[in-house]
Amino acid sequence: MTQARYPLSGDKIILTGEHPVTIDGLDDCARFSLRIAPSQSAAASAALGLDLPVEIGGIASSTGRLALCLGPDEWFVLAAKADGAAIVSAFAEIYGQAPHSLVDVSHRETGIVIDGPLSALVLQSGIAFDLAAMPVGTGCRTLLDKAQIILMRETANRFRIEVWHSFSEHIWNFLAAVRREPEFNI
Amino acid sequence: MLLIRCPYCNAERPEVEFVYAGEAHIVRPVDPSQTDDDQWRDHLYVRNNARGLHFERWRHIHGCARFFNALRDTVSDKFVTTYKAGLPRPRIEDIKESM
Ligand SMILES: [Zn+2]
């Protein structure tokens, strides 16, 4: 029997003092991988109740739902766990007019939020592009250390990571180790 | 670390997000069963292995996941240009003029 497993849910690391950083394992939510031709994206926007961003890296959110444009025809959709079934049925209705692929990947990933003035510095130790140049309100797929993640910058100091379960403990321990560096002034 | 411009993301991204995918502009025979053994072998395996400027495919696998084409110097490892998959092979002379 397969069992849902949320290795990080409820876990929390809090570093107080001069450079506070918190790292939070988020509760489970609904996640979808959406693939649809850009010419049909208006139908998907209507089904989702928000305007799908067309630029890679763009994020749009409305009424608790969030869509991140990962590629020319690929979006990552986040919503509350209870909202997942409504999204599935809304997309089933448009399938005849706007063929697409909507895959429920809720079980595949886990969310981590890293917050605090040094969050970008902590992440930068494992990310190879310049985080200072990443605008607030954008996201992308990238590598953190050796693991693929989806990274979203929610505010200047607050990032959300989506990572596959099998990599999540590695990412968690990586962040836990790195955030000690400012503590020791390394 | 080498930065590679992804023509889909329109951004310079670190090389660890990319994988190399062989020589570009290799045209697959329309009807493979009509080719003889030598033609099929050439299509599958025989490549230019250029020393210098080389048209090649790359994939932004840990980003937008798209395949695209690049012109790279295999000696210096410098990327001269990158462009979307499906676009015609640019003339090297045109690129050099705009450099
Ligand atoms: Zn890309």
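No experiment lies behind these values; they were computed from the predicted model shown.

Digging into helix α4 (residues 165–178) of chain A
Over its 14 residues, α4 of chain A runs 20 Å from end to end, which matches the ideal 20 Å to within 8%, given 1.5 Å per residue. Within α4 of chain A, the full set of buried residues consists of His165, Ser168, Ile171, Trp172, Phe174, Leu175, Ala176 and Val178 of chain A.

Digging into the confidence of the model for chain B
Put simply, chain B has an average pLDDT of 93, and 97% of its residues get 70 or more. Complex prediction metrics read pTM 0.91 and ipTM 0.87.

Side note on the coordination of the zinc ion
All names here are of chain B. Binding of the zinc ion to the protein goes through Cys6 (SG), Cys9 (SG), His60 (ND1) and Cys64 (SG), at separations of 1.9 to 2.4 Å. Bound by four donor atoms, the zinc ion shows angles of 105 to 115° at the metal and therefore tetrahedral coordination geometry. According to the relative accessible area criterion, cysteine 9 is buried, its value standing at 18%.

Here's the deal with the pairing of strand β5 (residues 65–71) of chain A
All names here are of chain A. The buried fraction of β5 is high, at seven of seven residues. Pairing of strand β4 (residues 59–62) with β5 involves four bridges; the strand directions are antiparallel. When the sheet's bridge partners are listed, serine 62 is paired in β5 with arginine 65. Between β4 and the antiparallel strand that follows it, β5, lie two residues; threonine 63 among them carries a positive phi value of about 40°. Relative to strand β6 (residues 74–79), β5 runs antiparallel, the two sharing five bridges. Directly across from leucine 68, in β6, lies its bridge partner phenylalanine 76.

The rules behind these values
Residues numbered from 1 in each chain as written. Chains lettered and ligands numbered in written order. Predicted model: local features only at pLDDT ≥ 70, side-chain atom pairs only at ≥ 80, totals over all residues. Heavy atoms only, no water. Helix = DSSP H or I, 4+ residues; strand = E, 2+ residues; numbered from the N terminus. Expected span 1.5 Å × (residues − 1). Buried < 20%, exposed > 50% of the residue type's maximum accessible area, 1.4 Å probe, protein only. pLDDT = per-residue confidence, 0-100. Donors = N, O, S within 2.8 Å, 3.2 Å for Na, K, Ca; no water. Tetrahedral: all angles 85-135°; square planar, octahedral: opposite > 155°, others 65-115°. Pairing = 2+ DSSP bridges.

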